[in-house]
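Read off the chains here:
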Amino acid sequence: MKLVLRIGGSVVASPFDPALLSGYADLLMKLKQEGHVVAVVVGGGSLAREMIKVAKEMKLKEPKQDEVAISVSRLVAQLLLMKLGEAGARKVPVSIKEAADFVKNGKVVVMGGLKPGMTTDAVAALLVERIGANLLVKATDQDGIFTRDPRKHRNARKLDMIDLDDLTRFLESEKHEAGIHQVLDPEAIRILKKRKTRTVVLNGFNPNNVLLAVKGKKIGTLIE
Ligand code: UTP
């Protein structure tokens, strides 16, 4: 299996969770030992958002605000990468090409953001496209994709499955609740539509959920 794993900053870095980060390192080693190819994209979580706020209050322009957030996401990536030792790439890649080269050399890639104006979802989708991944897992702070924002609506229902077109419609619909926005960024969906890739959105607080998705077990929400 060629897997791109997008780990939400909301999961491992809001606040920083050393045990969970270590748990992900163990999971990545296990996946590699089982012969899977893995590339990981992490976000910067609350520290990234805090840095954006600081930059904004300093009247720095949006691309600069994004740049500090990217730096934070790369710091998170560095932590995870260091824990992987020899199994991991030598450094946090700063381009898709660099990431693909590490993958080609049999290393586990862990990276953060790439350039202003993107999200790490889009980075993950670009990586899927470049390395020809057959699975994208988004490990997030919710159990999957819900009909409404589960943080605000108790009657929100988790979907076991949704197709990319329906998800796009969801996102485009003016009536949709904020929250579904965070499910998967529209730019990422656009890229994923070009090459149909099995995508699973699941609860990232238990790394074992990722293992279940790799094994094809029913978990989270399957997008296809
Ligand atoms: P994300 O919102 O993608 O990461 O990026 P996250 O912290 O994992 O978010 P959750 O956990 O899913 O909620 C955080 C910010 O970093 C900048 C953007 O400002 C983005 O909102 N960023 C990230 C970029 O500018 N470019 C990138 O390539 C990635």
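Below: a short report on this structure. (Residues numbered from 1 in each chain as written. Predicted model: local features only at pLDDT ≥ 70, side-chain atom pairs only at ≥ 80, totals over all residues. Heavy atoms only, no water.)

## Some remarks on helix 6 (residues 120-131)
We count it as follows: Counting from the N terminus, the helices are DSSP H or I runs at least four residues long and the strands are E runs at least two residues long. Any helix carries an expected span of 1.5 Å times its number of residues minus one. Each residue gets one of three labels from its accessible area relative to the maximum for its type: buried under 20%, exposed over 50%, partly exposed in between, using a 1.4 Å probe on protein chains only. Two residues form a contact once any of their heavy atoms are found within 4.5 Å. Pairing of N or O atoms within 3.5 Å defines a polar contact, subject to two protein rules: one partner must be a possible hydrogen donor and the other a possible acceptor, and residues neighboring in sequence count only if both atoms are side-chain atoms.
With twelve residues, helix 6 ought to run about 16 Å at 1.5 Å a step, and its terminal C-alpha atoms sit 16 Å apart, in line with that. For helix 6, the buried fraction is high: nine of the twelve residues fall into the buried class. For helix 6, the complete set of buried residues consists of T120, D121, A122, V123, A124, A125, L127, V128 and I131. In this structure, the buried side of helix 6 is in contact with strand 1 (2-7), strand 2 (37-42), helix 5 (96-104), strand 3 (109-111), strand 4 (135-140) and helix 8 (186-194). By the N-cap criterion, in which a side-chain oxygen at the helix start approaches the backbone nitrogen of a residue two or three places on, helix 6 is capped by T119, the distance to D121 being 3.2 Å. One or two positions beyond helix 6, positive phi appears at G132, with a value near 65 degrees.

## Structural notes on the nonpolar core
Short version of the rule: Buried Ala, Val, Leu, Ile, Met, Phe, Trp, Tyr and Cys residues form a nonpolar core when they are joined through side-chain atoms within 4.5 Å.
One finds L5 and Y24 to be the most contacted residues of the largest nonpolar core, which totals 68 residues. Counting residues per element, this core draws most heavily on helix 2 (residues 18-33), at seven residues. With near-sequence residues (within four places) excluded, Y24 lies in contact with L5, I7, V12, L80, A139, G204, P207 and V210.

## Notes on the site of the ligand
What counts, and what does not: Throughout, near means a residue has at least one heavy atom within 4 Å of the molecule or strand. Surface exposure here means Shrake-Rupley accessible area, sampled with a 1.4 Å probe, where a residue is shielded only by the protein chains that are shown.
Near the ligand you find 21 residues, and of these G9, S10, D66, K115 and T120 are the closest. One nitrogen or oxygen atom from the main chain of G44 is found 3.3 Å from an oxygen atom belonging to the ligand. Here a nitrogen atom of the ligand sits 3.2 Å away from a polar atom, N or O, in the main chain of M118. When the ligand sits alone it has 610 Å² of accessible area, and the protein chains cover 87% of it. Breaking the shell around the ligand down by element, the ones donating at least two residues are helix 1 (9-12), helix 3 (45-57), helix 4 (62-84) and helix 6.

## Here's the deal with the sheet that holds strand 5 (residues 161-162)
Under the convention used in this document: Strand pairing is assigned whenever DSSP detects at least two bridges linking the two strands. Convention adopted: a line fitted to C-alpha atoms gives each axis, helices being fitted over their contacting stretch, and angles between N-to-C directions are expressed from 0 to 180 degrees.
Pairing is mixed across the open sheet formed by seven strands, whose spatial order is 3-2-1-4-6-7-5. In this open sheet, the two strands that pair with only one neighbour each are strand 3 and strand 5. Where strand 4 meets strand 6 (residues 198-203), six bridges bridge the pair, whose relative direction is parallel. Pairing of L136 across the sheet is with T199, part of strand 6. Docked against the sheet, helix 2 engages strand 1, strand 2 and strand 4, running at close to 175 degrees with respect to strand 1.

## A word on the pairing of strand 4
For strand 4, the tally of buried residues reaches six of six residues, placing the bulk of the element in the interior. Residues of strand 4 alternate between two faces, with L135, V137 and A139 on one and L136, K138 and T140 on the opposite face, all of them buried. Pairing analysis gives five bridges linking strand 1 to strand 4, with the strands arranged parallel. Bridged to L5 within strand 4 is V137.

## Re the pattern of salt bridges
Charged atoms that come close allow side chains of opposite charge to pair. This is how the line gets drawn: By salt bridge we mean one thing: a side-chain nitrogen of Lys or Arg within 4 Å of a carboxyl oxygen of Asp or Glu.
Overall, the coordinates contain 13 salt bridges when judged by the stated rule. For the salt bridge of D121 with R6, the shortest nitrogen-to-oxygen distance reads 2.7 Å. Of this pair, D121 sits in helix 6 while R6 sits in strand 1, and the two are 115 residues apart along the sequence. We note a salt bridge from D160 to K218, for which the minimum N-O separation is 3.6 Å. Highlighted residues: D160 in the loop between strand 4 and strand 5 and K218 in the loop between helix 9 (208-214) and strand 7 (221-223), separated in sequence by 58 residues.

## Considering unusual backbone geometry
The peptide bond linking S14 to P15 adopts the cis configuration, its omega dihedral lying at 0 degrees. Its identity as a non-glycine residue notwithstanding, K59 has a phi of 65 degrees, on the positive side. Summarising the element assignment, K59 is placed in the loop between helix 3 and helix 4. Residue classification places K59 among the exposed residues on the basis of a relative accessible area of 73%.

## Observations regarding the environment of T140
Inspection of the secondary structure puts T140 in strand 4. Its relative accessible area of 11% is what places T140 among the buried residues. Sequence-wise, T140 and A48 are 92 residues apart; in three dimensions their C-alpha atoms are separated by 16 Å. Ignoring any residue separated from it by four or fewer positions in sequence, one finds T140 in contact with V11, V201, L202, N203, G204 and F205.

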